[in-house]
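These are the residues of each chain, in order.
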Amino acid sequence: MMTLKQIYDLAIDLGIKNDLRGEAKVKKNLAKQKEKYQKLGKEKKAEFDQENLTNPYSDTRILYDNGKEVKKVLVGIDIGVQEILLAKTLGCDTAISHHPDSIALADLSSVMHLQAEVLAMYGVPINIAEAITKERVSEVARGLSPINHNRAVDAAKLLNINYICVHTPCDNLAAIYLDKEIKKAKPETVGEIIDLLKKIPEYAEAVKLKAGPKIFAGSADNSVGKIALTEITGGTSGSKDMYEKISQAGIGTIIGMHLGEESRKEAMKHYLNVVIAGHMSSDSLGVNQFIDKLEKQKIEIVPCSGLIRVSRNVKK
Ligand SMILES: [Zn+2]
């Protein structure tokens, strides 16, 4: 058994250890946050979210904690009032959402700075990566501002259901998993990437749900060149201006979770191949690795809301 706080701490720890930027870089960023915080005036200090000093992921937060031990968890890609009701009906004491909600949704854009550092890792000059990302971060923040973002938390409080969302740490787990598989298999054509993905159980299941991996730009026979996982983790879709820079940085193929039409056009204009692995399936790949750890602590898992549950605890 675990408390919600222990589950949260585990999520942050896994997120940092599986960050594409490397643990050292993430910890350095946290240290800089601390320095900035210490220099703040009294009023600004009072407003500052203290979690930011130890948790580098603004889209991952405890949303309601009744302090009781966690025994049975409803886990979904999205949790809304309907899932909170479902949790109550099924006798779950806790709900875990993958996608950010409440304060974690309102501040989702802050985690997107990760994208600039990942782009730099793939060879885009950091000044360009930061400038492109900054613009997109503010666009996302403005887009989220009108949302009624506390509904499910209000419901969770009324029904006394623990509620947490774990976003980027799980996406990091998915990204690292894919990175390892790709480095191992060394696909030469875009079609070989699709074949490789389809061997991973979450994507194999997604094929049955008609949401399997697809080529959004380029064709199966195209050579992959250098592969970049710029669009698996980092909050939400990045700027469409990045495709030109990624292409110039020497990347041949991008693997992502989803891609808008405008971004697709940009990618094609700059001769990039784009493989879209799939959204619910890629989210599931990350979430599953996290909740496997909870399952090992004898917590009962009830998957819902788009989660394709595959447990890696039982080796086949
Ligand atoms: Zn997602």
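Residues numbered from 1 in each chain as written. Predicted model: local features only at pLDDT ≥ 70, side-chain atom pairs only at ≥ 80, totals over all residues. Heavy atoms only, no water.

**What about the overall build of the protein chain?**
When its secondary structure is counted, the protein chain shows 14 helices and nine strands. Over its C-alpha trace the protein chain gives a radius of gyration of 19 Å, about what one expects of a compact globule, namely 20 Å for 316 residues. Referenced to the eigenvectors of the C-alpha coordinate spread, the extents of the protein chain come out at roughly 55 × 55 × 35 Å. Looking at the protein chain residue by residue over its 316 residues, the buried ones come to 52%. Accessible surface computed for the protein chain: about 15,100 Å², of which carbon and sulfur atoms make up 53%. Taking the average location of the 45 positive side-chain charges in the protein chain and that of its 41 negative ones, the two points are 3 Å from each other. (Helix = DSSP H or I, 4+ residues; strand = E, 2+ residues; numbered from the N terminus. Rg over C-alpha atoms; globule rule 2.2 N^0.38 Å. Buried < 20%, exposed > 50% of the residue type's maximum accessible area, 1.4 Å probe, protein only. Areas by Shrake-Rupley, 256 points an atom, 1.4 Å probe, with all protein chains shown as cover. Lys, Arg positive; Asp, Glu negative; His and termini not counted. Charge placed at Lys NZ, Arg CZ, Asp CG, Glu CD.)

**A word on the coordination of the zinc ion**
Coordination of the zinc ion by the protein is provided by His99 (NE2), His279 (NE2) and Asp283 (OD), with metal-donor distances spanning 2.1 to 2.2 Å. Look at where the donors of the zinc ion fall in the sequence and you get H-x179-H-x3-D. On the criterion of sequence distance, the pair formed by His99 in the loop between strand 3 (94–97) and helix 5 (102–106) and His279 in helix 14 (residues 279–296) is long-range, its members being 180 residues apart. Judged by its relative accessible area of 27%, His279 is partly exposed. (Donors = N, O, S within 2.8 Å, 3.2 Å for Na, K, Ca; no water.)

**Some details on the pattern of salt bridges**
Side-chain pairing between opposite charges can occur once the charged atoms of the two side chains come close. As enumerated under the stated definition, the model contains 17 salt bridges in all. In this structure, Asp9 engages Lys5 in a salt bridge whose closest nitrogen and oxygen atoms are separated by 2.9 Å. Of the two residues, Asp9 and Lys5 both sit in helix 1 (residues 4–17), four residues apart, roughly one turn of that helix. Overall, Asp9 belongs to the partly exposed group, its relative accessible area being 36%. Relative accessible area serves as the criterion here: at 43%, Lys5 is assigned to the partly exposed category. Across the pair Glu181 and Lys184 runs a salt bridge, and its minimum N-O distance is 3.6 Å. (Salt bridge = Lys/Arg side-chain N within 4 Å of Asp/Glu carboxyl O.)

**Section: the packing of helix 4 (residues 81–89) against helix 8 (residues 151–159)**
Two numbers describe how helix 4 lies on helix 8: the axes approach to 8 Å, and their chain directions differ by 20°. Considered as vectors, helix 4 and helix 8 are oriented roughly parallel to each other. The element helix 4 and its partner helix 8 pack so that their crossing is right-handed. Contacts from Val81, Ile84, Leu85 and Lys88 of helix 4 reach helix 8 at Arg151, Ala152, Ala155, Ala156 and Leu159. Of the residues contributing to the contact of helix 4 with helix 8, the split by class is seven nonpolar, no polar and two charged. (Axes fitted to C-alpha atoms, helices over the stretch in contact; angles between N-to-C directions. Parallel < 35°, antiparallel > 145°, perpendicular 65-115°, else oblique. Left-handed = near helix turned anticlockwise from the far one by under 90°. Contact = heavy atoms within 4.5 Å. Nonpolar A, V, L, I, M, F, W, Y, C, P; charged D, E, K, R; others polar.)

**Some thoughts on unusual backbone geometry**
Notably, Ser102 is not glycine yet its phi reads approximately 55°, a positive angle. Following the sequence through the fold, Ser102 ends up in helix 5. Phi angles above zero are rare outside glycine, and Asn160 is one such case at about 55°. Following the sequence through the fold, Asn160 ends up in the loop between helix 8 and strand 4 (162–165).

**A word on the pairing of strand 3**
Neither face of strand 3 is exposed, since Thr94 and Ile96 on one face and Ala95 and Ser97 on the opposite face are all buried. In terms of strand pairing, strand 2 (residues 72–76) meets strand 3 through four bridges, oriented parallel. Bridging across to strand 3, Gly76 finds its partner in Ser97. In the sheet, strand 3 pairs with strand 4 via four bridges, with the strands oriented parallel. Looking across to strand 4, one finds that Ile96 is bridged to Ile164. (Pairing = 2+ DSSP bridges.)

**Let's talk about the domain arrangement of the protein chain**
Partitioning the protein chain into structural domains gives domain 1 (4–168 + 282–304) and domain 2 (173–278). Each of domain 1 and domain 2 was reduced to a C-alpha centroid, and the two centroids are 24 Å apart. Each side of the interface is counted separately: domain 1 has 29 residues, and domain 2 has 29 residues. Between domain 1 and domain 2 lies a buried interface of about 2,500 Å² when both sides are counted; carbon and sulfur atoms form 68% of it. For the pair domain 1 and domain 2, the number of links is zero salt bridges. Counting every contact that joins domain 1 to domain 2 gives eight residue pairs in polar contact (both at pLDDT 80 or more). (Domains from an automatic or database assignment. Buried area = accessible area lost by both parts, 1.4 Å probe. Polar contact = N/O pair within 3.5 Å; in protein donor to acceptor, adjacent residues only side chain to side chain.)

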